[in-house]
Amino acid sequence: MAELTNGARKGGRKMQTITLKLKDAVVSGVAKVPVEVDALTPDQLFGKNEAGIKAVKVWWGNRQEQTGDLFEVSLAGDAASADDVKLVFEGDLRRVKRIGEGMKTGEIEARGDVDMHCGAMMEGGKLVVKGSADCWAGREMRGGELVIEGDAEDNLCAMYRGEMTGMTGGKVTVFGNVGELTGQYMAGGEILIKGNAKMLAGLNMKGGKIIIEGDAKWPGADMTGGEILVKGATEMMPSFKFLETTPVDGAEYKKYLGDFAMGERKAKGTLYVR
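Residues numbered from 1 in each chain as written. Predicted model: local features only at pLDDT ≥ 70, side-chain atom pairs only at ≥ 80, totals over all residues. Heavy atoms only, no water.

## Looking at the packing of aromatic side chains
Right, so step 1: The full count for this structure, using the stated rule, is 3 aromatic pairs.
Right, so step 2: Residues Phe-71 and Phe-89 carry aromatic rings whose centres are separated by 6.1 Å and whose planes lie at 70° to one another, so their mutual orientation is edge-to-face. Within this pair, whereas Phe-71 is found in strand β7 (residues 71-76), its partner Phe-89 is found in strand β8 (residues 85-90), the two being separated by 18 residues in sequence.
Right, so step 3: Phe-89 sits in the buried class, given a relative accessible area of 0%.
Right, so step 4: Seen in terms of ring centroids, Trp-136 and Tyr-160 are 4.8 Å apart; in terms of plane orientation they differ by 75°. Their pairing is edge-to-face. Remark: Tyr-160 occurs in the loop between β12 (145-148) and β13 (171-174) and Trp-136 occurs in the loop between β11 (126-129) and β12; sequence separation between them is 24 residues.
Right, so step 5: Over the ring of Trp-218 we find Lys-217, and its NZ or CZ is 4.5 Å from the ring centre. (Phe/Tyr/Trp six-rings, centres within 6.5 Å; stacked < 30°, edge-to-face > 60°. Helix = DSSP H or I, 4+ residues; strand = E, 2+ residues; numbered from the N terminus. Buried < 20%, exposed > 50% of the residue type's maximum accessible area, 1.4 Å probe, protein only. Lys NZ or Arg CZ within 6 Å of the ring centre and 35° of its normal.)

## Considerations on the state of the cysteines
Any covalent bond linking the sulfur atoms of two cysteines counts as a disulfide.
Right, so step 1: Counted under the stated rule, the structure contains 0 disulfides.
Right, so step 2: For Cys-135, which is in no disulfide, the shortest distance to another cysteine sulfur is to Cys-118 and amounts to 11 Å.
Right, so step 3: Residue Cys-135 is classed as buried on the basis of its relative accessible area of 18%.
Right, so step 4: For Cys-157, which is in no disulfide, the shortest distance to another cysteine sulfur is to Cys-118 and amounts to 9.3 Å.
Right, so step 5: For Cys-157, a relative accessible area of 0% corresponds to the buried category. (Disulfide = S-S within 2.5 Å.)

## Some remarks on unusual backbone geometry
Right, so step 1: Along the chain, Gly-258 connects to Asp-259 via a cis peptide bond; the corresponding omega equals 5°.
Right, so step 2: By the element assignment, Asp-259 lies in the loop between β20 (251-258) and β21 (269-273).
Right, so step 3: For Arg-98, which is not glycine, the phi torsion reads 60° and is therefore positive.
Right, so step 4: With respect to the helices and strands, the residue Arg-98 is situated in the loop between β9 (96-97) and β10 (107-110).
Right, so step 5: In the Ramachandran plot, Glu-140 falls in the positive-phi region, its phi being about 55° despite a non-glycine side chain.
Right, so step 6: Structurally, Glu-140 is set in the loop between β11 and β12.

So, in structure tokens, the structure goes:
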């Protein structure tokens, strides 16, 4: 999506920008009570005026409040569809959860570090976090694009407790490091990690692709499908079978098949290491 200027998209299409600035009073108390904003996505706010947006209910701790009670709300420009709506979250967002959860179209920009579950179960559109993201970012993501300009904590693109499938579609880029269990039970889509990955990236992975440009510890444990490529140093599980040395993007990699800890018939995952 092209850069916006004065509420209009470059290329001539009209664009509406909705800015939601968290009020300082919301996070000024000793107990930092989280705000959950899964009700604030472009597809759900399209067509609403300022008063309508302020009236949308969001969870603040264990009670529901109107958006206008927690955020300063402003609108600029017009949109012909939800695809032409951009939401901008501002203020101290470290206790703001579920940004972009379930979003289907449009664009969201979060200006700062965010709490858990950003981009969870998103199906389309683009979410950009201009900071770091807490646990479960991109959880069970199905489509769209998630960009995290800082770090991502544990369980990036994994499945939530009790579920059997993590990310199935879309693309995620993390410019920093990621925590443990990235892409657990992932079945599709692509994750690009510019930094390092803590242990067990791709645990129980069934499909999709993970690229780690930094170091990784025990990637692909119990994987039965999909592909992992590690460009940095790798501490491998012993249950992978070496196949060959092969070039990838102009560099030589060792190609392994695994994980044979899951049995020979299920060991269909591919791991490339330097």
